[in-house]
Every structure is written in structure tokens, then in C-alpha cells.
Amino acid sequence: MILSTLASHSSLQILHGAKMEGFRTAILSSQTRENFYRRFGFIDNFLVYKNEEEAINLLNSLQDAIFIPHGSLIEYVGIERVSKIKLPIFGNRNLFPWESNQVKKMKLLEMSNIKTPTRFERPEDVDRLVIVKLPGAKGGRGYFTARTKKEVKEGIKQLLDKKMIQNEDELIIQEYIIGIPMYFQFFYSPMLQRVELTGIDIRYETNVDGLRRLPGDIKADPTFVVAGNIPAVARESILPLAFEYAENFIKTTRNVVSPGVIGPFCLESIVTDQLDIIVFEFSGRIVAGTNIYVNGSPYSWLYWNEPMSVGRRIAREINLAIQKGKIEDVVT
Ligand code: ATP
């Protein structure tokens, strides 16, 4: 069997893990990236495309293969084309439309009894510090903070002028939670019927993470462009709540977006000084922050006693499913 993915995001980790678990591997790469990916010996097949339309056809030509989605898939290929992938996809493909709609996304968290930041429908409603976000996984580009309705309106006008958005309705206005970010990376295993914490990371963002290095009298507005990731471990007393949230989320997705979340997902959170966890976003598939742990994390070690990246964990789940004759339980 071949495990395949799109050349970007966490593809090296995914295919490296697939190889460690004994699978053949294939990468779907644009012509411009092929040279880079050729450097890695664990990639067996190259499907090199000129345009996205061709990409889907190439992928669909693979036999006896599973496709592993990651965060760049929808962003690069678009949800329309992704729906044309005929290969079985690891995880729940029905979650993609939920993930690409900010309102539905937050609703799924609320339905799971997970604390989320207050959302403001219109700039007129803003009565506290907020963060204004653009749609899709844009890596934080264009996000801004504002203290008043007036600042929100001015910021939106600038985004419209720069043509970064077409319409004000595309934006999401959220209460800005004061605390520290922690991204809890989980894995739901239908084969072992348990949720595992596979790691925690923090996005390293410019310039919000650089501001504390400035002298106090120099003021600059924070921006949130992701440039890297930093590993983190949480105070152990925070973990029970994180697991409660994860288990609630699994139950809700099972009821609302059948067959529910399968494999990696991430609760992207702010931890406050009351040690409360407020989740401002989720990802229903592998996040790039797992790339820190190609050799496993302090948490994955607790389950496996061997190096276990999330990429390898996906391949392990597929192996377990094959052994039990239940592959249809981990793909859609
Ligand atoms: P992606 O969708 O690309 O995975 P992300 O998960 O990093 O992005 P975003 O919602 O895009 O999350 O937010 C980017 C950054 O903005 C976060 O890392 C965090 O620092 C900050 N942030 C987002 N929402 C809030 C909030 N409600 N309160 C405080 N900070 C926030």
C-alpha cells in the first residue's frame, strides 16, 4: 500500500513516518518544489503537476493508495478540487467544509462545551479588546487587534483598501484573551478507541513575540504572522481539562459530522492566569506544530515507548486498521 500527501506543511514528517511503518510513499508536488523534495530518500514516487487540475488527476491515478491531508491542502488546492479526490482520505473528509467556515467552526467548539472567546457579529458591538481575523489558514497575515469600534472600522477599511478582503463579512471579530497560547495536539484512535495527547506547541509569531524585546517606551502594534513553532509542556494540572475538551469534541463531531474526528486534531488555545483554557480555533487534521516532534514528544513517549511522530502515528493507525480488517473505520 502507498501513503501519499501534498508536498508542503508536514509532508516530510508524514512520509517519513509512513516509511518507518513499512509503507511505500508518494508525494504530489508542483514543478517548483520537486527539486527540494528529491533530497529525501524516504519518498518513493513523485507525482509532479503543472496546475491544480492536473494534480487531482495524477493523484486519482494512484492504485492501492491512501491520501493523508494536512493544513495546506484546502489553502493550496481549494475545497472544490479536494472534493474530487477519489482516493480514500485518512480522517474525516466531511470536516473540511466545517473547518473552512469560521462560524460553523466556532459552533462545533461551543456545542462541545468548550470555552471560546466572545464573538462580535458587527464592529458596532465591540466593547473590549478584540482580534480581527481573516478567513482561511493565512498564517495570521492581516490580523489586527483593536480596542474600540472605531479602531475596528479603521482596520477593516485598510484591509478592504489593500484588497486583502472583498467583504467585511469575511472577517471574524473575537474577544482578545489575555494569557499565553498553547496548542494541544491530540490524536483520536478508532482502532484503540482512545484519545492521545501527541504534543503541545506554541506558534512563534512576528512581531507579537518580538515586542517584549523592545524598550518599554517604544510602541508597535502586534502582528501575528507565523514564522515557526516552539515546543511546550503544560503544568500537569492543566491536562485534565484539555482532555475533557478533547473528549467532548470527539463526541460532538461524531454526532454532528459523521463519522466524527479521526486521527490528529488540535485545540488552539489561550491559557489564562486562572489556568483556564479558552479555545479560539481548532484544526481537524495534522498541524504544522507537530513538525517539532519528528522523533516523538514528551507525551507520545508516555503511550508508545518508542519514537512516534504524528506522521508515524497516522501510519501506525492505518497498519492497525489493516490488521483488524477495518480500514474503512479510519478513511472516508
Ligand atoms: P491557523 O488557522 O493558520 O492554524 P492559528 O491556529 O495559529 O492559525 P489563528 O486563529 O489564525 O490561529 O490565530 C493566530 C494567532 O493569533 C494565535 O497564535 C494567537 O497568538 C492569536 N490569537 C488568535 N485568537 C486569539 C484570541 N481570541 N485571543 C488572543 N489571541 C488570539
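Each value, and the rule that gives it
Residues numbered from 1 in each chain as written. Predicted model: local features only at pLDDT ≥ 70, side-chain atom pairs only at ≥ 80, totals over all residues. Heavy atoms only, no water. Phe/Tyr/Trp six-rings, centres within 6.5 Å; stacked < 30°, edge-to-face > 60°. Helix = DSSP H or I, 4+ residues; strand = E, 2+ residues; numbered from the N terminus. Buried < 20%, exposed > 50% of the residue type's maximum accessible area, 1.4 Å probe, protein only. Lys NZ or Arg CZ within 6 Å of the ring centre and 35° of its normal. Expected span 1.5 Å × (residues − 1). Arc of directions from axis to C-beta. Contact = heavy atoms within 4.5 Å. Core = buried A, V, L, I, M, F, W, Y, C linked by side-chain atoms within 4.5 Å. Domains from an automatic or database assignment. Buried area = accessible area lost by both parts, 1.4 Å probe. Pairing = 2+ DSSP bridges. Axes fitted to C-alpha atoms, helices over the stretch in contact; angles between N-to-C directions.

A. Just the packing of aromatic side chains, in detail. On inspection of all chains with the given rule, the structure shows nine aromatic pairs. Centre to centre, the rings of phenylalanine 249 and phenylalanine 282 are 4.8 Å apart; their planes meet at 55°, and the pair counts as tilted. Taken together, the residues phenylalanine 249 in helix 9 (residues 239-256) and phenylalanine 282 in strand 13 (residues 277-283) connect sequence positions 33 residues apart. The same class applies to phenylalanine 249 as to phenylalanine 282, namely buried. Between the NZ or CZ atom of arginine 38 and the centre of the ring of phenylalanine 46, over which it lies, the distance is 3.9 Å.

B. Structural context of helix 8 (residues 149-161). End to end, helix 8 covers 18 Å across 13 residues, agreeing with the expected 18 Å (1.5 Å per residue, within 8%). Those residues of helix 8 that fall on the buried side of the exposure criterion are Val152, Gly155, Ile156 and Leu159. Taken around the axis of helix 8, the buried residues stretch over an arc of 100°, which confines them to a single face. Away from the buried face of helix 8 by more than 90 degrees, exposed residues Lys150, Lys157 and Asp161 are located. Its buried side turned inward, helix 8 meets strand 6 (130-133), strand 7 (144-146) and strand 8 (172-175). One or two steps after helix 8, the chain reaches lysine 163, where phi turns positive at roughly 60°.

C. Seen up close, the nonpolar core. Counting residues in hydrophobic clusters, the biggest one holds 33 residues, and the most contacted among them are Phe184, Phe186, Ile200, Phe265 and Leu267. Going through the elements one at a time, helix 7 (102-111), strand 9 (180-189), strand 10 (194-207), helix 9, strand 12 (263-271) and strand 13 are the ones with two or more residues in this core. For this core, the element with the highest residue contribution is helix 9, accounting for seven residues. Apart from residues no more than four positions distant in its own chain, phenylalanine 186 is found in contact with Val195, Glu196, Leu197, Thr198, Ala242, Phe243, Ala246, Gly263, Pro264, Phe265 and Leu267. By size, the runner-up hydrophobic cluster in this structure holds 26 residues, among which are Tyr37, Ile286, Ala321 and Val330.

D. Fine view of the domain arrangement of the protein. Examined at the domain level, the protein breaks down into domain 1 (2-89), domain 2 (98-115 + 178-329) and domain 3 (119-175). Here the C-alpha centre of domain 3 lies 25 Å away from the C-alpha centre of domain 2. Every contact between the two is made by nine residues of domain 2 and, on the other side, 14 residues of domain 3. When the two sides are added together, the surface that domain 2 and domain 3 hide from each other amounts to roughly 960 Å², 58% of it contributed by carbon and sulfur.

E. Quick peek at the sheet that holds strand 6. Spatially, four strands are ordered 5-8-6-7 in an open sheet, and the strand pairing comes out antiparallel. Two strands in the sheet have a free side with no partner beyond their single neighbour: strand 5 (119-120) and strand 7. Relative to strand 7, strand 6 runs antiparallel, the two being bridged by three bridges. Directly across from valine 130, in strand 7, lies its bridge partner alanine 146. Each of strand 6, strand 7 and strand 8 touches helix 8; the most contacted strand, strand 7, lies at about 155° to it.

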